[in-house]
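Residues per chain, in single letters:
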Amino acid sequence: MKYEDIKNEISINNFKHIYLLYGDDEYLKDVVFNVLKAMIINHTKMNYEEFKFNDSSKIEDIVNECSTYSFSGNSKFIICKNTGFFDKNEFSERLIKLYDYIYDNVYIFFIEANVNKRLSSYKHYNSSNNAYDISKGNTDDVKKFIFTRFKKEGISITAENLDLFIEYSGLNLSFVALSIEKILLYMADKKEVTSEMIRLLCSGITDVKSYELCNYLCKKKFSKTLDVYYDMISLKYGIPYFLAILFNTFYEMYFIKKNNIRSSQDFKIRKLIENAKGFTLSGLKKIVKDIMEYDHNFKTGKIEQESSMIILFATIVNS
């Protein structure tokens, strides 16, 4: 089933106890999941507890959570993100048997980047109308999304520039949404999106992911930071890249704070000014020193990637 199918089902309060949301548009999958949660809560008028599983979880734990009642008596949202279970045949039988363990007040969501459509588990979920392909939108849908988002802010964009926007950002709504945010920050009191803004701010995956990672760190959203970090790890980014973007970002924020820079015509500087407000001057100085120390430790072979970067992210978020 497709995105349009689940939209129609949500609009008539047709909810299912098992969902498999898969595809390449991470932003849209998150939107669909959050809308489903909100609408189910509104429709059922119940209290829910959330139980989260990921690629390090065991399928037996998910089965047990589905088949047991909550100690509090509340209903359950069981959220399984990028588990990889639908990509391996060894899990197929147990995934199919999950249907036997779901009781009325349990809703389980599999939010997967990859599925193997040849597996019996996928075929079962698909034939039962529980599987939804949430992939990149078509051109008209994405144009409508961009136009509506700008219109909501009282800003116009021409048909020609909508085409240019998509040419630079692609059809993946996660990238499109970030590009829109960057343009809105850049525009100040301007009322029309120009081709120059699009060419300047709507760039590819490396820029978007780096921007997203640093933005979540500066907003001190640790779990969101880790989500982006693991996405970048899957794309083979290594410690030198992370340390470089972190050093550049936080050194510039330290420079801005130290020199009491409060305004700029440059989008990047304005964003750094905004983010620097969440830190003290001494805090930024310590962060820069920590990054330099991590860089030295990496070059001398004292640290490895995953745990060291997570510790560094935690240090920044707690500054």
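Residues numbered from 1 in each chain as written. Predicted model: local features only at pLDDT ≥ 70, side-chain atom pairs only at ≥ 80, totals over all residues. Heavy atoms only, no water.

K.L.:
Account for helix 6 (residues 139–152), with residues named and values stated.
P.N.:
Look at helix 6: 20 Å from first C-alpha to last across 14 residues, which is about the 20 Å you get at 1.5 Å a residue. Among all positions of helix 6, only Val 142, Ile 146 and Phe 150 are buried. The buried residues of helix 6 occupy an angular sector of 65° when projected down its axis, which confines them to one face. Exposed and oriented more than 90 degrees from the buried face of helix 6 are Asp 140, Lys 144, Lys 151 and Lys 152. Looking one or two residues beyond helix 6, the residue adopting positive phi is Gly 154, at roughly 75°. (Helix = DSSP H or I, 4+ residues; strand = E, 2+ residues; numbered from the N terminus. Expected span 1.5 Å × (residues − 1). Buried < 20%, exposed > 50% of the residue type's maximum accessible area, 1.4 Å probe, protein only. Arc of directions from axis to C-beta.)

K.L.:
Tell me what's going on with the sheet that holds strand 5 (residues 131–133), and back it up with residues and numbers.
P.N.:
As summarised here, the arrangement of the 5 strands in space is 2-3-4-1-5, forming an open sheet in which the pairing is parallel. The sheet is open, and its two edges are formed by strand 2 (48–53) and strand 5, each paired on a single side. Here the strands of the sheet are splayed against their neighbours by 20° on average, with no regard to which way each runs. Helix 1 (residues 3–11) contacts strand 1 (18–22) and strand 5 of the sheet and is inclined by roughly 120° relative to strand 5. Relative to the sheet, helix 5 (residues 120–127) contacts strand 1, strand 4 (106–112) and strand 5, its axis offset from that of strand 1 by approximately 115°. (Pairing = 2+ DSSP bridges. Axes fitted to C-alpha atoms, helices over the stretch in contact; angles between N-to-C directions. Contact = heavy atoms within 4.5 Å.)

K.L.:
Lay out the packing of helix 6 against helix 7 (residues 159–169) with the relevant residues and their values.
P.N.:
The contact between helix 6 and helix 7 brings their axes to 10 Å, and the two run at 110°. What the angle tells us is that helix 6 and helix 7 run roughly perpendicular. Read as a crossing pair, helix 6 and helix 7 show a hand that is right-handed. Touching Thr 139, Val 142, Lys 143, Ile 146, Phe 147 and Phe 150 of helix 6 are Leu 162, Asp 163, Phe 165 and Ile 166, all from helix 7. When grouped by side-chain class, the residues that make up the contact of helix 6 with helix 7 number 7 nonpolar, 1 polar and 2 charged. (Parallel < 35°, antiparallel > 145°, perpendicular 65-115°, else oblique. Left-handed = near helix turned anticlockwise from the far one by under 90°. Nonpolar A, V, L, I, M, F, W, Y, C, P; charged D, E, K, R; others polar.)

K.L.:
Mind laying out the nonpolar core, listing which residues take part and the relevant values?
P.N.:
The biggest cluster of nonpolar side chains holds 37 residues, and the ones touching the most others in it are Leu 21, Phe 109, Ile 146, Phe 150, Phe 165 and Ile 183. Among all residues touching Phe 165, those that are not within four sequence positions of it are Ile 146, Phe 150, Ile 157, Gly 170, Val 176, Ser 179, Ile 180, Ile 183, Ile 198 and Cys 202. Of all hydrophobic cores here, the second largest spans 34 residues; its members include Tyr 216, Val 228, Met 253 and Ile 291. (Core = buried A, V, L, I, M, F, W, Y, C linked by side-chain atoms within 4.5 Å.)

K.L.:
Talk me through unusual backbone geometry; I want residue IDs and the actual numbers.
P.N.:
With a phi angle near 60°, Asn 13 is a residue other than glycine that sits in the positive phi range. If you trace the backbone, Asn 13 turns up in the loop between helix 1 and strand 1. The class of Asn 13 is partly exposed, set by a relative accessible area of 35%. A positive phi is found at Asn 260, a non-glycine position, where the angle reads about 55°. Looking at the secondary structure, you find Asn 260 in the loop between helix 12 (239–258) and helix 13 (267–276).

K.L.:
Help me get a handle on the pairing of strand 4, residues and values and all.
P.N.:
Most of strand 4 is tucked away, with 7 of its 7 residues classed as buried. Burial along strand 4 is two-sided: Val 106, Ile 108, Phe 110 and Glu 112 facing one way and Tyr 107, Phe 109 and Ile 111 facing the other are all buried. Of the strand pairs in this sheet, strand 3 (residues 75–81) and strand 4 are connected by 6 bridges, and their pairing is parallel. Across the sheet, Lys 81 pairs through a bridge with Ile 111, a residue of strand 4. After leaving strand 3, the chain enters helix 4 (residues 92–97) and then returns to the sheet as strand 4, a path that is right-handed. (Right-handed = clockwise from strand over helix to strand, strands pointing away.)

K.L.:
Give a description of the pairing of strand 3 that names residues and reports values.
P.N.:
Remark: a regular strand shows side chains that alternate across the two faces of the sheet. In terms of burial, strand 3 is largely enclosed, as 6 of its 7 residues are buried. Alignment of strand 2 against strand 3, held across 6 bridges, turns out to be parallel. Bridged to Lys 52 within strand 3 is Ile 79. Crossover handedness for the path strand 2 to helix 3 (residues 59–67) to strand 3: right-handed.

K.L.:
Run through a nonpolar patch on the surface, naming residues and quoting values.
P.N.:
Taken together, the side chains of Tyr 27, Val 31 and Val 35 present a nonpolar region at the surface, about 200 Å² in accessible area. Counting through the fold element by element, Val 31 comes out in helix 2 (residues 26–44). For Val 31, a relative accessible area of 32% puts it in the partly exposed group. (Patch = residues over 30% accessible without salt bridge, like charges linked within 9 Å, V, L, I, M, F, W, Y side chains within 5 Å. Areas by Shrake-Rupley, 256 points an atom, 1.4 Å probe, with all protein chains shown as cover. Salt bridge = Lys/Arg side-chain N within 4 Å of Asp/Glu carboxyl O.)

Don't take any of this as a statement about function, it's just geometry.
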